[in-house]
Amino acid sequence: MIELEGLTKRYGDTVAVDRLTFTVRPGVVTGFLGPNGAGKSTTMRMILGLDHPTAGDVRIDGRHYDRLKDPLTYIGALLDAKAVHGGRSAYNHLLCLAQSNGIPERRVAEVLDTVGLTSVARKKAKGFSLGMGQRLGIAGALLGDPRILMFDEPVNGLDPEGIHWIRTLMKSLAAQGRTVFVSSHLMSEMALTAEHLVVIGQGRLLADTSMADFIRQNSRSYVRIRSPQRERLLDVLHEAGITAVQAGGGALEVEGDKAERIGELAARSGFVLHELSPRQASLEEAFMRLTADAVEYHAHSRPDPAPQDWGAGWKGA
Amino acid sequence: MSTHQPPMPQAPAATDWQAAPGGPYPGYTSPIPVVRTHLGHALASEWTKIKSVRSTMWTLGVFLLLVVGIGLLTGAVVEANSDSESLSGENMLSFGFFGLLLGSMCIMTLGVLTTASEYSTGMIRTTATACPSRGRVLAAKSIVFFTVAFVTTLASSGFVAMLHSSMLGNAGADSPTGGQWLKATVGVSLYIALLGLLSLLIGSIIRHSAGAITIMIGAVLAPLVIALFMAASSMQKLQEWLFEYSIPSQLGAFYDNGLTGSGPSGWDPLWIMLGLTAVVYAGAYALLEKRDV
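Residues numbered from 1 in each chain as written. Chains lettered and ligands numbered in written order. Predicted model: local features only at pLDDT ≥ 70, side-chain atom pairs only at ≥ 80, totals over all residues.

Chain B has the name ABC transporter in an unreviewed UniProt entry, where Streptomyces lucensis JCM 4490 is given as its organism.

Taking an unreviewed UniProt entry as the reference, chain A is identified by name as ABC transporter ATP-binding protein belonging to Streptomyces lucensis JCM 4490.

Okay, here's the thing in structure tokens:
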């Protein structure tokens, strides 16, 4: 379990992480979502004790990271694939990590096998592709068989087969009762893996909900209608107080979940319908709307500048 | 696992995390035995690190080549140009100086790379995650590097000293005393290893290989070069001080042939370097604790 309490990081005047409070629980994959520059990596670095928080607190199972006596068996992290000395072989890289935590050497071969790098174990890491580097980083995270796993953008640079592999891996790790915390800027990716969602924008917490709730709350639902009697259908809908808008391909769209009502209306009036489908806007769209709101909120929350004589004229216009 | 966590069955249903049973921090329990880590683990890790990169082999290889090669050359030149009287009253071990002075550049480079390369490659984030105690990482790096540098320098300087004593025994020099032997082998090796450790600490402070190496080479050479051009008599005192306390001159003191008759002598250079390294170590440690990785 990872507990954040009012975690804040400031770089000069810039607030990278702003009073984040949330808990990452065991047994599920928790997605950590936010646009680029939202503060995801900074948050993860503070969890690992790499960066000192300006204010607030973060604890791993009740303790600060630097109080953990055996950190790699507690929490395994993939921060970025490049956190490796390129001149060292994959095997030796993992070996020096294992030794620093008293992990038996046999684990090195085991995790290399898990991530599928056994055949290049003795090759230097600098010759690795982005995907191989990512796998090596994941091997390092799995080395101590930890209770908590943290992945920062793990699917970056992986091929489709690799992406599928990491999704399955994360789900199975969570199913074993581990805490899995994974960041991404792709909502669609999270929709496939995460059960719980933490969304941040500009360092602030925007949402901390289950995936299903997030979808329910944030996605726009609408009904798509196609009919050969489009104009007359529009009139009938208008009379019933339903606003339909023209969509591409001769279809109509009605906001909200009104498919049943529209179907009954059409049947009563004897219209032919070629399509009547309730739909939901993509999660990506929902995510973008959520973070866009945060940007708007941020802009509006600033105090209005004091009225100035020369600007007063056109402001009201 | 830690003391306050009861063993847990693996969480059955992934979805019911809110009702996860069994203590305040339930979750997965690994079959891997848990070890309370200490400095010994960090030392093993750093030893694997230093021997598994090629730059270690390169810098130490070039170091050996320079110390032994230049030692051989100097010995041969001196032997060819001396008769039975020309070295009387001289310390025949002092000809090991030239190779060591050049070779020290390699030790300094290796020292800087030990810390700075972790920053340039990003490895430091992995290192700091695996061992959150930054003081322990710095201590482990320092001990492993110092040992490697000391043993390598001792082996090569000892070899060259024996070589010279057998080559130049007929040139009229007195047989070196035990004290001279000790200073020309153990003394210089400790000094060079400390110089390397100082470079390691500068690398940790600067976090940039090229920058730190430049600083160290400048610190070794610049005082001498600047002093050479201090012609004005009003600067004579400063010039003398620079000559006496420049690092090559201190290294020469181990062979009783500093640039001037005065200045540090005997084992003094070692204490000077030890004090300097201790101060810089404290600074590097404080910065390491304070800064973000």
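K.L.:
Is there a simple way to think about the overall build of chain B in this case?
P.N.:
What chain B contains, in helices and strands, is 10 helices and zero strands. Scanning chain B from its N terminus toward the C terminus, one meets helices and strands in the order α-α-α-α-α-α-α-α-α-α. Across the 293 residues of chain B, 43% fall into the buried class. Considering only intrachain contacts with a sequence separation of at least 6, the fraction spanning at least 24 residues in chain B is 77%. (Helix = DSSP H or I, 4+ residues; strand = E, 2+ residues; numbered from the N terminus. Buried ≥ 20, exposed ≤ 12 C-beta atoms within 10 Å, placed from the backbone. Contact = placed C-beta atoms within 7 Å.)

K.L.:
Please clarify how the sheet that holds strand β2 (residues 14–24) of chain A should be interpreted in this entry.
P.N.:
Hydrogen bonding along the main chain pairs the strands of a sheet, whether they run parallel or antiparallel. Residues and elements named next belong to chain A. An order of β2-β1-β4 is seen for the three strands of this open sheet, with the pairing classed as antiparallel. Two strands in the sheet have a free side with no partner beyond their single neighbour: β2 and β4 (55–60). Across the sheet, the mean angle from the axis of one strand to that of its neighbour is 20°, orientation sign disregarded. Helix α1 (residues 40–47) rests against β1 (2–11), β2 and β4 of the sheet, and its axis sits at about 115° to β1. (Pairing = 2+ DSSP bridges. Axes fitted to C-alpha atoms, helices over the stretch in contact; angles between N-to-C directions.)

K.L.:
Just to check I follow, could you spell out the UniProt feature "domain: ABC transporter" (unreviewed entry) in chain A for this structure?
P.N.:
Here, UniProt's "domain: ABC transporter" (unreviewed entry) annotation points to residues 2–227 of chain A. The span residues 2–227 of chain A carries 34% helix and 29% strand; its end-to-end C-alpha distance comes to 53 Å. (UniProt positions renumbered as here; feature names shortened; annotations may be inferred.)

K.L.:
Is there a simple way to explain the environment of Q236 of chain B in this structure?
P.N.:
Residues and elements named next belong to chain B. With respect to the element layout, Q236 can be found in helix α8 (residues 236–245). What makes Q236 exposed here is the crowd of 11 C-beta atoms within 10 Å. Each C-alpha atom of the pair Q236 and V188 lies 29 Å from the other, and the pair is 48 residues apart in sequence.

K.L.:
What is the right way to read the domain arrangement of chain A from this model?
P.N.:
Accessible area lost upon the coming together of the parts serves often as the stated size of an interface. Considered domain by domain, chain A is made up of domain 1 (2–209) and domain 2 (221–280). Each of domain 1 of chain A and domain 2 of chain A was reduced to a C-alpha centroid, and the two centroids are 47 Å apart. (Domains from an automatic or database assignment.)

K.L.:
Looking at this model, I keep getting lost on the environment of R122 of chain A. Mind explaining?
P.N.:
Residue and element names in this part refer to chain A. Within the secondary structure, R122 sits in the loop between α4 (106–115) and α5 (130–142). In this structure, the C-alpha to C-alpha distance between R122 and I163, residues 41 residues apart in sequence, is 24 Å. Ignoring anything within four residues of it in the chain, the contact list for R122 reads S89 and Y91.

K.L.:
Before we go on, may I ask you to explain unusual backbone geometry in this structure?
P.N.:
Among all residues except glycine, the phi angle is most often negative; among peptide bonds, the trans geometry is most common. All names here are of chain A. In this model, R19 sits at a positive phi of 45°, which is unusual for a non-glycine residue. Of note, R19 is situated in strand β2. Judged by local crowding, R19 falls into the partly exposed class, with 15 C-beta atoms found within 10 Å. Its identity is not glycine, yet D145 carries a phi of approximately 50°, on the positive side. Take D145: it is sitting in the loop between α5 and β6 (148–152).

K.L.:
Would you explain the UniProt feature "transmembrane region" (unreviewed entry) in chain B in this entry?
P.N.:
All names here are of chain B. Under the present numbering, the feature "transmembrane region" (unreviewed entry) in UniProt falls on residues 57–77, 97–116, 143–164, 184–206, 213–232 and 270–288. Secondary structure content for residues 57–77 is 100% helix and 0% strand, while the C-alpha to C-alpha distance between its ends is 29 Å. In residues 143–164, helix accounts for 100% and strand for 0%; the two terminal C-alpha atoms are 31 Å from one another.

K.L.:
How do you make sense of the confidence of the model for chain B when you look at a structure like this?
P.N.:
Note: predicted coordinates in regions of low pLDDT should not be interpreted at a detailed level. Residue and element names in this part refer to chain B. Predicted confidence across chain B gives a mean pLDDT of 87, with 89% of residues reaching 70 or more. Per-residue pLDDT stays below 50 along residues 1–23; that stretch engages in 35 contacts with residues further than four places along the chain or on separate chains. Quick note on the complex model: pTM equals 0.84, ipTM equals 0.85. (pLDDT = per-residue confidence, 0-100.)

K.L.:
Help me understand the pairing of β6 of chain A in this model?
P.N.:
Successive side chains on a regular strand alternate, one facing one side of the sheet and the next facing the other. Residues and elements named next belong to chain A. Here β6 lies mainly inside the structure; five of its five residues are buried. Where strand β5 (residues 75–78) meets β6, four bridges bridge the pair, whose relative direction is parallel. By the bridge assignment, I75 is partnered in β6 with I148. Alignment of β6 against strand β7 (residues 179–184), held across five bridges, turns out to be parallel.

K.L.:
Even after reading the chapter, I still don't get the interface of chain A and chain B, so can you show me in this structure?
P.N.:
Contacts between the two partners involve 52 residues from chain A and, on the opposite side, 42 residues from chain B. Looking at the side of chain A that touches chain B, the elements with two or more residues in it are α2 (71–74), α3 (90–100) and α6 (160–175) of chain A. Among the residues making up the side of chain A that touches chain B, the classes are represented as 19 nonpolar, 19 polar and 14 charged. (Nonpolar A, V, L, I, M, F, W, Y, C, P; charged D, E, K, R; others polar.)

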